[in-house]
Amino acid sequence: QPMRADEPTQYSQLRQCWEIPRKDIRQSELLARGVFVEVWKGRIKKFPDRDEVIRVAIKKLLPEATEKGRKFFLAEMEVTKVLQANINVIQLIGCYTLHEPWLLMLEYASEGTLYSFLQRCQPGAQRVEITTSSSKSSARLKNHKVDAHKMLAMSAQIVNGLQHISKFKLVCYRLRSASVLVGKGAVCKLTGFGFPQDVTERNQYEADSLPIRWMAPESLSHNMYSTQSDTWSLGVVMWEILHFGATPYPAFGQDELPDKVIDGYRLPAPPHCSDELYGIISKCWSALPENRPDYDTIMTELTNLALEDS
Ligand code: ADE
């Protein structure tokens, strides 16, 4: 469809190739609810002319969403479209925007959030079953232990996803283990991205509470968000992984924590965490954003640790 230079591009023109007919989309159960969206488990037809279906997560804009909520929904859709082809970033499969309610169809993460996954992996908890993505017969690896090696691998996957989004100057919105998803084979996948300059407005909109335990000092004090503030949150997520999803800074309340962190208090090393690994994590918590390591450096150091271990 030719677009005239003097005419602004309409969303419908941009979205055309992503549109899925409404009759091919089925929602089944509610997974989560936010201020302006619901997330449903669902399925869509894989091809227009065949019966084959694929499982998806459906993000639905609520009718009561305000103009701002609608703006954030569309921004998320546009951003997710460009973040294609990375195994550690939840992929957009399609959208439905011809009529309201608008829907985003996203890759479905079968193991739920990283937070719940880690809880299930706690020593003493019932062992998780991890489905192997490569196995055609959907065989399950029973009694799978999350060991130090697996923890390094999950951390490296999150770094890989963050590296991908940082190339587009995007940040991960509210990065914490409860916002990271886990797919088949225990592969970590990031979701919820935005422009750093929009994070403050979106946090205010979704007012309930800020994820202060994951926030960098400059975010707490000056509402500043960047790739480097994501690196800080990554450090806290790695700490959570090593602690099987424990709450960071358990001894501090929400009100007293910001001043502690701004004054230089840091999370202690997790049990059984090597000095080298705690060294990498600690560098993510450098007071000055520019002193935090970039993702290439973190990836190299994690890889070296994994190789030494094996
Ligand atoms: N909850 C939110 N988004 C999800 C997704 N993509 N897969 C599974 N559960 C989810």
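Refer to the structure above for everything that follows.
> Help me understand the overall build of the chain in this model?
Along the backbone of the chain there are 10 helices and 11 strands. Per-residue burial over the chain gives 48% buried out of 310 residues. Sequence-distant contacts in the chain: of pairs separated by 6 or more residues, those separated by 24 or more amount to 62%. For the chain, the exposed surface amounts to about 15,900 Å²; the carbon and sulfur share of it is 53%.

> Where do I start with the nonpolar core in this structure?
Side chains of a nonpolar character, in soluble globular proteins, are inclined to be buried together. One finds L114, I158, L162, L277 and L302 to be the most contacted residues of the largest nonpolar core, which totals 58 residues. Counting residues per element, the ones that place at least two in this core are α3 (114-121), α4 (148-166), β8 (171-172), α7 (227-242), α8 (257-262), α9 (275-284) and α10 (295-309). The residues contacting L162, other than those within four sequence positions of it, are C172, L175, L190, D230, L234 and Y295. Counting residues in hydrophobic clusters, the runner-up holds 19 residues, among them V39, F72, L74 and M77.

> Please explain unusual backbone geometry as it appears in this structure.
Both trends apply: most residues other than glycine have a negative phi, and most peptide bonds are in trans. A cis amide bond links E100 to the next residue, P101, at an omega of 0°. In this model, K169 sits at a positive phi of 60°, which is unusual for a non-glycine residue. Within the secondary structure, K169 sits in the loop between α4 and β8. Residue K169 is classed as exposed on the basis of its relative accessible area, which comes to 63%. The backbone of N223 shows a phi angle near 55°, a positive value even though the residue is not glycine. Locating N223 in the fold gives a position in the loop between α6 (217-222) and α7. For N223, a relative accessible area of 44% gives the class partly exposed.

> Is there a simple way to think about the site of the ligand in this case?
With respect to spatial proximity, the complete set of residues near the ligand consists of L31, V39, A57, I90, E107, Y108, A109 and L181. Residue E107 places a main-chain N or O atom 2.9 Å away from a nitrogen atom belonging to the ligand. Within the contact set of the ligand, a nitrogen atom lies 2.8 Å away from a backbone nitrogen or oxygen of A109. Relative to its free-state accessible area of 260 Å², the ligand is covered by the protein chains to the extent of 84%. Its residues assigned to classes, the shell around the ligand shows seven nonpolar, no polar and one charged.

> So what exactly am I meant to see when it comes to the environment of G69 here?
Relative to the assigned elements, G69 resides in helix α2 (residues 67-82). Of the residues examined, G69 reaches a relative accessible area of 0% and is grouped as buried. Residues within four places of G69 in sequence aside, it is in contact with F36, L61 and Y205.

> Is there a simple way to think about the side chain of E107 in this case?
Assignment of secondary structure puts E107 in strand β5 (residues 103-107). A polar side-chain atom of E107 sits 2.8 Å from a polar atom in the side chain of K189.

> Help me understand the packing of aromatic side chains in this model?
The way to describe two aromatic rings as a pair is by their centre distance and the angle between their planes. In this structure the tally under the stated criterion is seven aromatic pairs. With 6.5 Å between their ring centres and 50° between their planes, W232 and W285 make a pair best called tilted. Placement of W232 in helix α7 and of W285 in the loop between α9 and α10 is noted, with a sequence separation of 53 residues between them. When sorted by exposure, W232 lands in the same class as W285, which is buried. Ring geometry for Y249 versus Y265: centroids 6.3 Å apart, planes at 50°, classification tilted. With Y249 in the loop between α7 and α8 and Y265 in the loop between α8 and α9, this pair connects stretches of sequence that are 16 residues apart. Given the relative accessible area of 3%, Y249 is considered buried. Residue classification places Y265 among the partly exposed positions, given a relative accessible area of 35%. Just above the ring of Y108 sits the side chain of R55; from NZ or CZ to the centre is 5.8 Å. In this arrangement the basic side chain of R202 is found over the ring face of Y173, its NZ or CZ atom lying 4.1 Å from the centre.

Conventions used here
- Residues numbered from 1 in each chain as written.
- Predicted model: local features only at pLDDT ≥ 70, side-chain atom pairs only at ≥ 80, totals over all residues.
- Heavy atoms only, no water.
- Helix = DSSP H or I, 4+ residues; strand = E, 2+ residues; numbered from the N terminus.
- Buried < 20%, exposed > 50% of the residue type's maximum accessible area, 1.4 Å probe, protein only.
- Contact = heavy atoms within 4.5 Å.
- Areas by Shrake-Rupley, 256 points an atom, 1.4 Å probe, with all protein chains shown as cover.
- Core = buried A, V, L, I, M, F, W, Y, C linked by side-chain atoms within 4.5 Å.
- Near = heavy atom within 4 Å.
- Polar contact = N/O pair within 3.5 Å; in protein donor to acceptor, adjacent residues only side chain to side chain.
- Nonpolar A, V, L, I, M, F, W, Y, C, P; charged D, E, K, R; others polar.
- Phe/Tyr/Trp six-rings, centres within 6.5 Å; stacked < 30°, edge-to-face > 60°.
- Lys NZ or Arg CZ within 6 Å of the ring centre and 35° of its normal.

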